[in-house]
Amino acid sequence: MTIEEMISWLREDDERALEDLWRMADDTRRRFVGGEVHLRGLVEVSNHCARMCSYCGIRAPSRIQRYRMTREEVLECARLAHSLGYGTVVLQAGEDPGLTGPLISDIVRAIKAETPLAITLSLGERTPDELAGWRDAGADRYLLRFETSNEKLYQRIHPPSRQDSPSRLDLLAMLHDLGFEVGSGVMVGIPGQSYLDLARDLELFRELDLHMIGLGPFLPHPGTPIFEESEQAKDQAPASELMTYKMLALARLVCPRANIPSTTALSTLNLEKGRELGLARGANIVMPNLTPTRYRALYEIYPAKAAVRDTPEQCAANLEKRIIAMGRTIGEGRGDSPAKLHHEKREKNY
Ligand code: 5AD
């Protein structure tokens, strides 16, 4: 698919025409990753953050109550993920120096010693040594969104920690080389993000050979600088539910084997149907939140995050019912990326 074709889909508003896009995405999803929906237990380990991203509710200057889960609390969540039948636990946090290299390695080893879970880390931009150490400890996957392929926009919303630190794209390449399954993604409708930018994001997904792609609508957080400025692009893409589905469907078409979640940000825009519509338009993964309820509301990267009040058990039961009702099945096992297997086979053949 060319950039022009992508842009023309992103601009399409005719519901009948869009049915074709949804159908293509759903067919591709079925053909390449099948009918299984894999559940990943999400644990928001800490809301401390050293960074100043202009859109994020847990950015360093936010005057919010901060928490950092203990090793034992994280292990308890991993046990819960396993007992609910999930194959993966995702440890996500702000860029928190208090989550030291050795502490995370220790937690990864402890989870691996006790459970067969795959472990995904999503802990921000960390040093090459830390990333290598975590891989050694047994971590399987790493998520680091590049947020937007538009460099100027990226710099505007994302002040660097140090001038000489590796870029997110450098880090993604490094993660690849370390043997992680690598995930990235973007926000849709950031103020200053054009239709062309979104099409270029899709191209970058393809170039990066991503194993996992996460994307959701940009949701303005009242406590953040971007909320005040919100400078629109000349050709501004809206942060709408529909635009997010289009990006999801197109991501499936450009990376047919990737694991793609129907994200919480999407269900925040449509609590009733967001998750299902995401799954029907390209997604094959759901990430139920296993963060202890006492911390949930504090992990407010954007306002009114969906399902804040459900207990993990309620969340799991509810989700499974809805997935079965769609004629899909709950994925068994770890749900490793078919994209990674495919790339490895391809490399062996050369
Ligand atoms: N709106 C939507 N998504 C956001 N994220 C952070 N802040 C917001 C926001 N205001 C997303 C970023 C980050 C992920 C963990 O959450 O894409 O990578």
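Here's a quick rundown of the structure. (Residues numbered from 1 in each chain as written. Predicted model: local features only at pLDDT ≥ 70, side-chain atom pairs only at ≥ 80, totals over all residues. Heavy atoms only, no water.)

Per the secondary structure count, the protein includes 15 helices and eight strands. Across the 350 residues that make up the protein, the buried fraction comes to 55%. Contacts in the protein between residues at least 24 apart in sequence constitute 79% of all its contacts with a sequence separation of at least 6. Per element, the accessible surface of the protein, about 15,400 Å² overall, is 51% carbon and sulfur. Separation between the mean location of the 45 positive side-chain charges and that of the 50 negative ones in the protein comes to 2 Å. (Helix = DSSP H or I, 4+ residues; strand = E, 2+ residues; numbered from the N terminus. Buried < 20%, exposed > 50% of the residue type's maximum accessible area, 1.4 Å probe, protein only. Contact = heavy atoms within 4.5 Å. Areas by Shrake-Rupley, 256 points an atom, 1.4 Å probe, with all protein chains shown as cover. Lys, Arg positive; Asp, Glu negative; His and termini not counted. Charge placed at Lys NZ, Arg CZ, Asp CG, Glu CD.)

Here the focus is the site of the ligand. All residues adjacent to the ligand are Y55, C56, R145, E147, M187, P217, F218, L219, I301 and Y302. Y55 places a polar main-chain atom, nitrogen or oxygen, 3.0 Å from a nitrogen atom of the ligand. In this structure, an oxygen atom belonging to the ligand sits 2.6 Å away from a side-chain N or O atom of E147. Contact with the protein chains hides 88% of the accessible area of the ligand, taken as 400 Å² for the molecule alone. Per-class residue counts for the shell around the ligand are eight nonpolar, no polar and two charged. (Near = heavy atom within 4 Å. Polar contact = N/O pair within 3.5 Å; in protein donor to acceptor, adjacent residues only side chain to side chain. Nonpolar A, V, L, I, M, F, W, Y, C, P; charged D, E, K, R; others polar.)

Now for the packing of helix α3 (residues 71-83) against helix α4 (residues 101-114). Close contact between α3 and α4 brings their axes to 10 Å; oriented N to C, the two are set at 35°. Relative to α4, the crossing made by α3 is right-handed. Contacts between α3 and α4 involve R71, V74, L75, A78 and R79 on the former and, on the latter, D106, I107, A110, I111 and E114. In terms of residue class, the contact of α3 with α4 is made up of six nonpolar, no polar and four charged. (Axes fitted to C-alpha atoms, helices over the stretch in contact; angles between N-to-C directions. Left-handed = near helix turned anticlockwise from the far one by under 90°.)

This part covers helix α1 (residues 3-11). Restricting attention to buried positions, one finds in α1 the residues I3, M6, I7, W9 and L10. Within α1, the buried residues cover an arc of 160° as seen down the axis, which keeps them to one side. Where α1 is buried, its residues touch α2 (15-33), α8 (195-207) and α10 (241-254). (Arc of directions from axis to C-beta.)

The topology assignment puts G41 in strand β1 (residues 36-46). A relative accessible area of 0% places G41 in the buried class. The spatial distance from the C-alpha of G41 to the C-alpha of P312 is 9.1 Å, given a sequence separation of 271 residues. Non-local contacts of G41, meaning those with residues more than four positions away in its chain, are made with Y86, T88, V89, V90, P288 and L290.

A separate point is the packing of aromatic side chains. By the definition in use, this model includes four aromatic pairs. Ring geometry for Y67 against Y295: centres 4.5 Å apart, planes inclined by 10°, an arrangement best described as stacked. Highlighted residues: Y67 in the loop between β1 and α3 and Y295 in helix α13 (residues 293-296), separated in sequence by 228 residues. A relative accessible area of 13% places Y295 in the buried class. Measuring from centroid to centroid gives 6.0 Å for Y142 and F180, while their planes differ by 75°, and the two rings are edge-to-face. With Y142 in strand β4 (residues 141-143) and F180 in the loop between α7 (168-177) and β5 (181-188), this pair connects stretches of sequence that are 38 residues apart. The exposure classification of Y142 matches that of F180, with both residues buried. (Phe/Tyr/Trp six-rings, centres within 6.5 Å; stacked < 30°, edge-to-face > 60°.)

Our next topic: the pattern of salt bridges. For the structure on display, the rule yields 25 salt bridges. A salt bridge links E76 to R79; the nearest nitrogen and oxygen atoms lie 2.8 Å apart. In this pair, E76 and R79 both sit in helix α3, three residues apart, roughly one turn of the helix. Here E76 falls in the partly exposed class, since its relative accessible area comes to 45%. Judged by relative accessible area, which is 26%, R79 ranks as partly exposed. K340 is paired through a salt bridge with E344; the nearest N and O atoms lie 3.0 Å apart. Of the two residues, K340 and E344 are both situated in helix α15 (residues 338-349); the distance of four residues between them amounts to about one turn of the helix. For K340, a relative accessible area of 18% corresponds to the buried category. Taking relative accessible area as the criterion, E344 reaches 38% and is therefore assigned partly exposed. The network of salt bridges with common partners includes K112, D140, R141, E181, R334 and D336. (Salt bridge = Lys/Arg side-chain N within 4 Å of Asp/Glu carboxyl O.)

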